[in-house]
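Spelled out from the first residue to the last, the chains are:
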Amino acid sequence: MKGIEIAKKLRISTSALRHYEAWGLIPKVERMANGYRNYTKEHEAYFQCIRAMYAGFGMNVIREVMPRIVNGEKLDALWIINKAQVNLHAEKETVQRTVEMLDLKEWTDFPKYRNKNSFTIGEVAKEANVSASAIRHWEKEGLIRPERQKESGFRIYSPSDIRKVLIIRTVQKVAYSLDIVREVLSGLDKKNIAQVKQIALESLQYIDNALVEQMRGIAYLHNLLDVVSNMEEQ
């Protein structure tokens, strides 16, 4: 089977097929007498799976999964897929938490959260599903200003700070630019939460769509595993 035939079916370029081959995402491709690549039905199943998984999992996950299938490490590949789905679920829970905290009426006089008045940076990072280094970066950029203990100098984060961190990471995932994050936070200081709530709700919709795409990709992955198993039995 010629590469141009597969490329046409998948609506991609033949150079994309060669990239996937160079990255080790498909089994070795034999050459015909004229030097052209001779793709098989197994190769086609790999290409179909790669394209189907891209929307829901992204190329980083694909570049972890496919070489393992090529090498016969099917369970390892499936656990990577499982981890990606767990991460997506955690992302949805975090954004939902952001929406819930936006629905609370008070902004400056924030109520107790989880029956606590203060949190460490580690606790905030866990609560917001983000790294401590990201929180320190946002503090350096002036987006959050936690208090510090007088004796130790350690940062002390309030429930209001947690709310800001949740908002920052939600907005930045959509907008990327810290300037846009600053604009949103400025609006929040004026008790205008409509913009960020809309962003959070759009993020939830994106996550739901990603779940649908992941399930579609998994269907193609199951088909690929069946094709590979049949080839092994021959």
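Reading guide: rules and limits
Residues numbered from 1 in each chain as written. Predicted model: local features only at pLDDT ≥ 70, side-chain atom pairs only at ≥ 80, totals over all residues. Heavy atoms only, no water. pLDDT = per-residue confidence, 0-100. Helix = DSSP H or I, 4+ residues; strand = E, 2+ residues; numbered from the N terminus. Phe/Tyr/Trp six-rings, centres within 6.5 Å; stacked < 30°, edge-to-face > 60°. Buried < 20%, exposed > 50% of the residue type's maximum accessible area, 1.4 Å probe, protein only. Lys NZ or Arg CZ within 6 Å of the ring centre and 35° of its normal. Salt bridge = Lys/Arg side-chain N within 4 Å of Asp/Glu carboxyl O.

Visitor: Go over the confidence of the model for the protein chain, please, and point to the residues and values.
Guide: Scored by pLDDT, the protein chain comes out at a mean of 86, with 91% of its residues at no less than 70. Between the elements of the protein chain, mean pLDDT differs from a low of 74, seen in helix H8 (residues 178–189), to a high of 96, seen in helix H3 (residues 41–70).

Visitor: Mind laying out the packing of aromatic side chains, listing which residues take part and the relevant values?
Guide: Applying the stated criterion across every chain yields a total of three aromatic pairs. For the pair Tyr20 and Trp23, a centre-to-centre distance of 6.1 Å together with 50° between the ring planes defines the contact as tilted. A relative accessible area of 4% means that Tyr20 is categorised as buried. Their ring planes at 75° and their centres at 5.5 Å tell us that Tyr39 and Phe47 sit as a pair that is edge-to-face. Of the two residues, Tyr39 and Phe47, both sit in the buried class. Of the aromatic side chains, those joined through ring pairs into one cluster are Tyr20, Trp23, Tyr39 and Phe47. In this structure, Arg51 is placed above the aromatic ring of Tyr54, and the distance from its NZ or CZ to the ring centre is 5.9 Å. Sitting over the ring of Trp23, Arg63 keeps its end group 4.3 Å from the ring centre.

Visitor: Tell me about the pattern of salt bridges, and name the residues and values.
Guide: Summed over the entire model, instances satisfying the criterion amount to nine salt bridges. Among the ionic pairs, Glu21 bridges to Arg37, the shortest N-O distance being 2.7 Å. Separated by 16 residues along the polypeptide, Glu21 in helix H2 (residues 14–22) and Arg37 in strand E2 (residues 37–38) bring together distant segments of the chain. The exposure class of Arg37 is partly exposed, given its relative accessible area of 22%. Where Glu232 meets Lys74, a salt bridge forms, and the shortest distance between an N and an O atom there is 3.3 Å. Here Lys74 lies in helix H4 (residues 74–103) and Glu232 lies in helix H9 (residues 194–233), a separation of 158 residues in the sequence.

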